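The residues making up each chain are set out below.
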Amino acid sequence: MLQIVNLKVEIEGKEILKGISLNVKKGEIHAIMGPNGSGKSTLASVLAGKDFGDITEGKITYMGKNLLEMAAEDRSKEGIFLGFQYPTEIPGVSMVNFMKTALNEHRKYRGLEPLSSSDFLKLMREKKDLVKIESGLTNRSVNEGFSGGEKKRNEIFQMAILEPKLAILDETDSGLDIDALRIVANGVNQLKTPENATIVITHYQRLLDYIIPDVVHVLYDGKIVKTGGKELAVELEKKGYDWIKKDVDIVSYG
Amino acid sequence: MDNREATIKRFSDLLRDNRNRIEKNSAGLLNSFREEAIKQFAELGLPDRKNESYKYTNLEPWFNANYKSYFVPEAADFRAAENFKCEVTDLDSYNLVLLNGFPPRYNGIMAGLPEGIWVGSLTEAAERYPGIVEKHYGKYAHNGKDGLIPLNTALASDGVFVYMEKGITLHKPIQIINLVHSDGDMFVQHRNLIIVEDNAELPIIVCDHALSPQKFLTNAVTEVYVGENAHFDILRVQNEHNNAAKLTHTFIHQEKSSHAVSNNITLHGGLVRNSTYHRLNGEGAECNAFGLYFTDRWQHVDNFVSIDHASPNCISNQLFKGVLDDYATGAFNGRILVNKGAQKTLAYQKNNTILLTDDAKMDSKPQLEIYADDVKCSHGATIGQLDEDALFYLRSRGIDKNEARLMLMFGFAREVIDNIHTEALRERIDELVLKRLRGELSRCTTCTINCDK
């Protein structure tokens, strides 16, 4: 589904991603772990099409297409979804109008008629239950005045409505208490099908107790330095990132 | 003779040459103000950019044109007006159409109006109800520095008069549709007087339209008296073309415990200058002054607001927002004057503008003069671009860039629109603003006369 080959990204002259290669197949859950500043969020933003930094080398193929040539909105319509680490507050734009516009753009792209208001509201009600989002929130402006947990749940709620093929969840667990974490993880698991794939970006192993990954990658200093099964996450949690850092630093200095 | 003197002479001559016609068509009371007003205009002249409150607006090019002045309405002119359907007309309201500043004269008997309300021509009202008109006419429209006000007093022969008796409540708004229509460039002046007696409630909508492509200059003065515990709400929707200049001066005088809301929504216009004055004359009075402006090409919109806290325990709130595109320019000047005795004043002001291009330009100026010591005042101004993060957020959900920009602009405008409490009207304004942002709003959408130039 997604092939990243030797991706290098510079931001303001500084190389942030230093040659990432990654292969995600449908039905898989990949976890990308790593300490702060290792480039996790940069990778997520590049995949979603944020216009920043320079891609100096490498290529990304998604469903057989060159992803880097696609505008952010087209990536979304092709099934890519980014769950933001810090969802943006947009005063004056209602959740209902936002999601209805987005969904109907997706439908138009697939040659479908737009959903009527009543059908859309029905869909919203169904999906709200999935992440236990309060009715009140969807009547408000996008993320405006939402608590940290509400913002993250709102991301999963949007994911539930848009039903992406490839979801990239950027630190969806940060700032969540254990109950909220369970709700979010539960939402992600329920949306899982053999046809779609998920990339979970996280700092802690905690989320991976609830979303069981097939593959775990460790990103450090702009490179994937270790790849393994779900046991790698457990080992990381036990030994800490210093263990990885030491290994890598020895290699680079040695 | 320099420009300033030449302009003064031109308008003094205009009055002298047409005085007979104007006075014959107007009321004795209005006529009794003319001599003094033209003298005052001669002293002040047109406000130029040396005048602090006109620093960002250059009126001169609009006044140095050859206009035909319209002093006496002709019956035939009203035919075009009758055919006009305003964008907001499907709203349940009492409509009054003014053509080139003149209301039809029908003895103030508008179909279906409840008792205790009189709506019609000011000139007619001055003859029929001299006591009431005399008590209020010319009492509130004072600035002392703005020559456009005495110019209006000197030359205007008619306008709208609205009178609400004590305790009368009008739930359906009165809609005043100002049309300008001419086969030559035209200078229009009208003078309105609105009286809302104690405990009465009056919502008014004013729509400004230009029906023909000629160059128009309108200088309109409106005086409003809001009695004790009375409520007054005025919403102005401006949708003229790039060849039209609209100068409005609205003076709202508020007595004890009264509430007043003014809202100026500017969708189109070559030059628009709205001066809105709220005088909080009695204790416990409250006012909201709102504004929303959209400009593109070479348009210019200037909102001047003056809140005069003359009594203690009053509350005022100003909120003005706008989006400027292309080479358009805008200005906001918000004055808050808290007089010495006006303790426990609460006064707020906010002006936010989005510039869509590097060439668009906005000047925002708060002007707080506080002479009391126990007051709470705040002001804030921002001028910026669309939020890039928000734009990416919307796009990342599949909404294309243009639509996402539109949603952000519309979201930005919402804060002002949400203050319109009548649902049907709010939805109508929503629709108009959205159309404006999409570029689908012609000058007068439903108008059959094509005046797109």
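Please read all numbers here as calculations on a predicted model, not as lab measurements. (Residues numbered from 1 in each chain as written. Chains lettered and ligands numbered in written order. Predicted model: local features only at pLDDT ≥ 70, side-chain atom pairs only at ≥ 80, totals over all residues. Heavy atoms only, no water.)

### Topic: the overall build of chain A
Heads up, the condition is: Helix and strand assignments follow DSSP, with helices taken as H or I runs no shorter than four residues and strands as E runs no shorter than two, numbered in order from the N terminus. Contacts were defined at the residue level, with two residues in contact if any of their heavy atoms lie within 4.5 Å. Computed by Shrake-Rupley with a 1.4 Å probe, the accessible areas treat only the displayed protein chains as cover when residues are assessed. The charge count includes Lys and Arg as positive and Asp and Glu as negative, but it does not include His or the ends of the chains. We put the charge of a Lys on NZ, of an Arg on CZ, of an Asp on CG and of a Glu on CD.
Of the regular secondary structure elements, chain A holds 9 helices and 12 strands. Its C-alpha atoms give chain A principal-axis dimensions of about 65 × 40 × 35 Å. Restricting to contacts in chain A with at least 6 residues of sequence separation, those with at least 24 account for 69%. For chain A, the accessible area works out to roughly 11,500 Å², and carbon and sulfur atoms hold 48% of it. Mean positive and mean negative side-chain charge positions of chain A (35 and 37 charges, respectively) differ by 3 Å.

### Focus on the nonpolar core
Side chains that are nonpolar tend, in soluble globular proteins, to be buried together. Going by this rule: Buried Ala, Val, Leu, Ile, Met, Phe, Trp, Tyr and Cys residues that are joined via side-chain atoms within 4.5 Å together make up what is termed a nonpolar core. Each residue gets one of three labels from its accessible area relative to the maximum for its type: buried under 20%, exposed over 50%, partly exposed in between, using a 1.4 Å probe on protein chains only.
Residues Phe 98, Leu 166 and Ile 199 of chain A together with Ile 429 and Val 433 of chain B are the most contacted members of the largest nonpolar core, which totals 117 residues. In terms of residue count, the dominant contributor to this core is helix H10 (residues 401-417) of chain B (10 residues). Ranked by size, the runner-up nonpolar core spans 26 residues in total, among them Tyr 94, Leu 113, Ile 168 and Val 206 of chain B.

### Let's talk about the interface of chain B and chain A
Size of an interface: often given as the accessible area lost when the parts come together. We apply this condition: Note on terms: buried area is the combined drop in 1.4 Å-probe accessible area of two parts once they are placed together, counting the loss on both. By definition, a salt bridge exists where a carboxyl oxygen of Asp or Glu is found within 4 Å of a side-chain nitrogen of Lys or Arg. Only Asp, Glu, Lys and Arg are considered charged in this grouping, and only Ala, Val, Leu, Ile, Met, Phe, Trp, Tyr, Cys and Pro are considered nonpolar; every other residue, Gly among them, is considered polar.
Opposite the 19 residues of chain B that make contact, chain A presents 31 residues. Of the roughly 1,900 Å² buried between chain B and chain A on both sides combined, carbon and sulfur atoms contribute 64%. For the interface between chain B and chain A, the tally reads 3 salt bridges. Looking at the side of chain B that touches chain A, the elements with two or more residues in it are helix H9 (388-395) and H10 of chain B. The leading source of residues in the side of chain B that touches chain A is H10 of chain B, at 7 residues. Its residues assigned to classes, the side of chain B that touches chain A comprises 8 nonpolar, 3 polar and 8 charged.

### Here's the deal with helix H7 (residues 178-191) of chain A
All names here are of chain A. Quick note on the threshold: Take the residue count of a helix, subtract one, and multiply by 1.5 Å to get its expected span. Each polar contact in these results corresponds to two N or O atoms within 3.5 Å; when the atoms are within protein, one needs to be able to donate a hydrogen and the other to accept it, and residues that are neighboring in sequence are counted only if both atoms are side-chain atoms.
An ideal rise of 1.5 Å per residue puts 20 Å on 14 residues; H7 measures up with 20 Å between its terminal C-alpha atoms. Along H7, the positions that sit buried rather than exposed are Ala 180, Leu 181, Ile 183, Val 184, Ala 185, Gly 187, Val 188 and Leu 191. If you follow the buried residues of H7, they end up packed against helix H4 (117-131), helix H6 (148-162), strand E9 (166-170) and strand E10 (197-202). You can read the cap of H7 off the contacts: a side-chain oxygen lies 3.2 Å from the backbone nitrogen of Asp 179, and it is on Asp 177.

### Quick look at unusual backbone geometry
Phi at Asn 143 of chain A takes a positive value of approximately 60°, unusual for a residue other than glycine. Checked against the element boundaries, Asn 143 of chain A lands in the loop between strand E8 (141-142) and H6. Judged by relative accessible area, which is 0%, Asn 143 of chain A ranks as buried. Despite not being glycine, Asn 100 of chain B has its phi angle at roughly 45°, a positive value. Among the secondary structure elements, Asn 100 of chain B is positioned in the loop between strand E2 (94-99) and strand E3 (117-121).

### As for the sheet that holds strand E5 (residues 65-66) of chain A
All names here are of chain A. The condition that has to hold: Whether two strands pair depends on DSSP finding at least two bridges between them.
Overall, antiparallel pairing links the 4 strands, which are arranged E2-E1-E4-E5 in an open sheet. In this open sheet, the two edge strands, each paired with only one partner strand, are strand E2 (14-24) and E5. Judged from the 2 bridges that link them, strand E4 (residues 54-62) and E5 form a sheet pairing that is antiparallel. Paired with Thr 61 across the strands is Asn 66, a residue of E5.

### Overview of the packing of aromatic side chains
Residue and element names in this part refer to chain B. Spelled out, the test is: Only the six-membered ring of Trp is used, alongside the rings of Phe and Tyr, when aromatic pairs are assigned; centres must lie within 6.5 Å, and planes under 30 degrees apart are stacked while those over 60 apart are edge-to-face, with the rest tilted. In this scheme, Lys NZ or Arg CZ marks a charge over a ring once it lies within 6 Å of the ring centre and within 35 degrees of the ring normal.
Here the structure, examined in full by the defined rule, presents 17 aromatic pairs over all chains. Ring centres of Phe 11 and Phe 41 lie 6.0 Å apart, and the angle between their planes is 85°; this geometry places the pair in the edge-to-face category. Separated by 30 residues along the polypeptide, Phe 11 in helix H1 (residues 3-24) and Phe 41 in helix H3 (residues 34-44) bring together distant segments of the chain. There is no split in this pair, since Phe 11 and Phe 41 are both buried. Pairing Phe 11 with Phe 63 gives two aromatic rings, centres 5.8 Å apart and planes at 75°, and the pair type is edge-to-face. In this pair, Phe 11 sits in helix H1 while Phe 63 sits in helix H4 (residues 60-63), placing the two residues 52 residues apart along the sequence. In terms of burial, Phe 11 and Phe 63 fall into one category: buried. By the ring-pair criterion, three or more aromatic residues cluster together here, those being Phe 11, Phe 41, Phe 63, Tyr 67 and Phe 187. Across from the ring centre of Tyr 94, 4.6 Å away, lies the NZ or CZ of Lys 172, which sits over that ring. A cation sits over an aromatic face here: Arg 397 above Tyr 393, 5.0 Å from the ring centre.

### Thoughts on the packing of H9 of chain B against H10 of chain B
All names here are of chain B. Which entries qualify depends on this criterion: To obtain an axis, a line is fitted to C-alpha atoms, over the contacting stretch when the element is a helix, and the angle between two such axes runs from 0 to 180 degrees between their N-to-C directions. If an angle is under 35 degrees, it is roughly parallel; if it is over 145, roughly antiparallel; if it lies from 65 to 115, roughly perpendicular; otherwise it is oblique. By definition, turning the near helix anticlockwise from the far helix through less than a right angle yields a left-handed crossing, and turning it clockwise yields a right-handed one.
At a minimum axis distance of 9 Å, the contact between H9 and H10 shows a crossing angle of 125°. It follows from the interaxial angle that H9 and H10 lie oblique. Classified by chirality, the crossing of H10 by H9 is right-handed. In this structure, H9 uses Ala 390, Leu 391, Leu 394 and Arg 395 to contact H10, whose residues at the interface are Lys 401, Ala 404, Arg 405, Met 407 and Leu 408. Partitioning the contact of H9 with H10 into residue classes produces 6 nonpolar, no polar and 3 charged.

Any functional reading would require information beyond the geometric quantities listed.
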